[in-house]
Amino acid sequence: MDLEAEFERAVAAERRVEPRDWMPDGYRRTLIRQIAQHAHSEIIGMQPEGNWISRAPSLRRKAILLAKVQDEAGHGLYLYAAAETLGADRGELTDKLIDGKQKYSSIFNYPTLSYADVGVIGWLVDGAAICNQVPLCRTSYGPYARAMIRICKEESFHQRQGYELLMTMMSGTDAQRAMVQESVDRWWWPSLMMFGPPDAESANTERSMAWRIKRNTNDELRQKFVDMTVPQAEKLGVTLPDPELRWNAERGHYDFGQPDWREFWQVVGGNGPCNAQRLAHRRKAHEDGEWVRQAAAAHAAKQAGRREEVA
Amino acid sequence: MNADNATDSVYDGLVDQEDAHWAFGTGFHEPLAGVDRAVPDVDRADLTAYCLMLGDDALVLSQRLAEWCSRAPELEEDVALANIALDLLGQARLLLTRAGEVEGAGRDEDALAYLRDEREFRNVHLAEIECGPFAGGDFATTIARLLVFSSWKLAQYSRLRGSADPVLAAVAAKGLKELAYHRDHAAQWTVRLGDGTEESHRRMRAGLHRVWPFLDELFTAHPVELRLPGVAVDPAGLRSEVEDVLAEVCRAAGLELPDAAPAARVAGKAGRDGVHTEAMGYLLAEMQHLHRSLPGAKW
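Residues numbered from 1 in each chain as written. Chains lettered and ligands numbered in written order. Predicted model: local features only at pLDDT ≥ 70, side-chain atom pairs only at ≥ 80, totals over all residues. Heavy atoms only, no water.

One turn of an α-helix holds 3.6 residues; hence residues three or four places apart share an orientation. Residue and element names in this part refer to chain B. Over its 22 residues, helix α6 (residues 139–160) runs 30 Å from end to end, which matches the ideal 32 Å to within 8%, given 1.5 Å per residue. Among the 22 residues of α6, 20 are classified as buried, and the element is accordingly described as predominantly covered. N-cap assignment for α6: the residue whose side-chain oxygen lies 3.1 Å from the backbone N of Ala140 is Asp138. (Helix = DSSP H or I, 4+ residues; strand = E, 2+ residues; numbered from the N terminus. Expected span 1.5 Å × (residues − 1). Buried < 20%, exposed > 50% of the residue type's maximum accessible area, 1.4 Å probe, protein only. Polar contact = N/O pair within 3.5 Å; in protein donor to acceptor, adjacent residues only side chain to side chain.)

Following this line, the structure appears as structure tokens:
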């Protein structure tokens, strides 16, 4: 029997692939790369929002933000665990991240410059992440799909919290409303970039679609996000900074302009506003913690030795 | 579970108003629902001050622990330290709310957290000093502080559970479970670091030395605490219990108890009197600046 043909048939029939099933090396590699990048994104994503925990303007907002950033660490943990079911090692994946050999979502290379950014990240960035991730709850690899169900539920909660912060700020002072609009102006285009380059330029889309790792194209998801977000922006009372944005009754969708793809490639290429800072922060935390991890391992080994002596 | 239903429900989640899975009471839905809020027949200014002492201890240490977020040695520890910071923040919110209620001047938790000046904060120095991740400490120092603080608070809350103030009693009863976990977490790390490697042993010992001079203040009663018998806990009575716990943990960790002299007070005053260390001004400047920059804003 041809294992690869059998695998292709199973995936095409929407059967879930489990860790002990045979899978093509390319499928395994693609998944490890995608899950690791997703895990790295959660971990790097702790920084832009974590930037505001110490300054959160009310104790309730501080608790919400700290809990959210904590959830991101938790998401990183389950995703690394999902990657480990494919034979990857968390320590090696972390090394690849801090050596700049594996990427994370480029959106986190933008700075958070006001408290409105905390709300806008929840609303737009988590909103875009949900559009990208909901289809992954049906992705062909079982452990990844199951992790995504839980993550998507928590992300949707974060999105609602972010939107609620913005609604509250919009009902506050003029300075707060201006702060929200300014933040939306900065984050709108990077949020659209989160779906990746246009389909015509996306290198990985076709194969990942065939393997049912990816379920929708970048452009389909981007359209879905815009359609979902425009009414929310209207309700909030902010203007999305796109002069081409309008309803197209014929298509039944909103038409919208293109982000600056040169900026996108610049940020992806490592030259975004915060790429170096984000990696340096992660690297420092990892290096500063080295002696702690060594101590924990040494203690565990001594304990095991002592138990053996007793036995 | 049907996969299609599972994914569809994620979108439903956006409008779903169910907060149940949100573990840390971020919505502040009355964790003390059903608790009698009657104010006992004592001096209100004293009781307000006492609630602030307890609330500020929790708030300020929470602020310090949250500094570790995204900087911990392992992801599991990021989650754990954030969890402890959230527990303390939850306690602080209940206590500051109670302080405002007893005071009766219309100040809520945020007015008390963000609009008081340094001299009006009544936390102990141990909560505010820098113990890492930034200058002034490292993970071992943070653990040393957490071990001392949570052992002391646990002893204090276990007595406060019997307070004549029903709200303080309820906060203490709820906080005890949390503090027991915090102490256990700190004790386990103290043992791991004390026993682990030469470097971790040296750092753990240095961490204990760093925090030990602040121990004495924890057992020094402020006049307010002595004027509220039956409501407040006299901290002098906690010393032997706390010292026994610390001695036991250090023994298990293979560490000697530090022989460090108590830090001198300033003209007899310390944190409970609103006289703080130099670190406190920076902590408050950072915590309060945004709230104060936008007066009248809604958050």
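That covers the picture; the talk isn't over yet.
Counted according to the given criterion, the structure contains 38 salt bridges over all chains. Between Arg60(A) and Glu164(A) there is a salt bridge, with its nearest N and O atoms 3.4 Å apart. Taken together, the positions of Arg60(A) in helix α4 (residues 59–84) and Glu164(A) in helix α7 (residues 142–170) put the pair 104 residues apart, joining distant regions of the chain. Judged by its relative accessible area of 24%, Arg60(A) falls in the partly exposed class. The closest approach of N and O atoms between Glu101(B) and Arg37(B), which form a salt bridge, is 2.8 Å. Taken together, the residues span a long stretch of sequence, with Glu101(B) in helix α3 (residues 75–103) and Arg37(B) in the loop between α1 (3–12) and α2 (44–66) at a distance of 64 residues. The exposure class of Arg37(B) is partly exposed, given its relative accessible area of 28%. Residues joined by salt bridges that share partners form a network here, namely Arg37(B), Arg98(B), Glu101(B) and Asp165(B). (Salt bridge = Lys/Arg side-chain N within 4 Å of Asp/Glu carboxyl O.)

So, about the packing of helix α5 (residues 90–98) of chain A against helix α12 (residues 275–288) of chain A. All names here are of chain A. The contact between α5 and α12 brings their axes to 9 Å, and the two run at 140°. By the criterion of interaxial angle, the relationship of α5 to α12 is oblique. Of the two elements, α5 crosses α12, and the hand of that crossing is left-handed. Residues Thr94, Asp95, Leu97 and Ile98 of α5 form the contact with α12, whose own contacting residues are Leu279, Arg282, Arg283 and His286. Here the residues of the contact of α5 with α12 are counted per class, giving 3 nonpolar, 2 polar and 3 charged. (Axes fitted to C-alpha atoms, helices over the stretch in contact; angles between N-to-C directions. Parallel < 35°, antiparallel > 145°, perpendicular 65-115°, else oblique. Left-handed = near helix turned anticlockwise from the far one by under 90°. Contact = heavy atoms within 4.5 Å. Nonpolar A, V, L, I, M, F, W, Y, C, P; charged D, E, K, R; others polar.)

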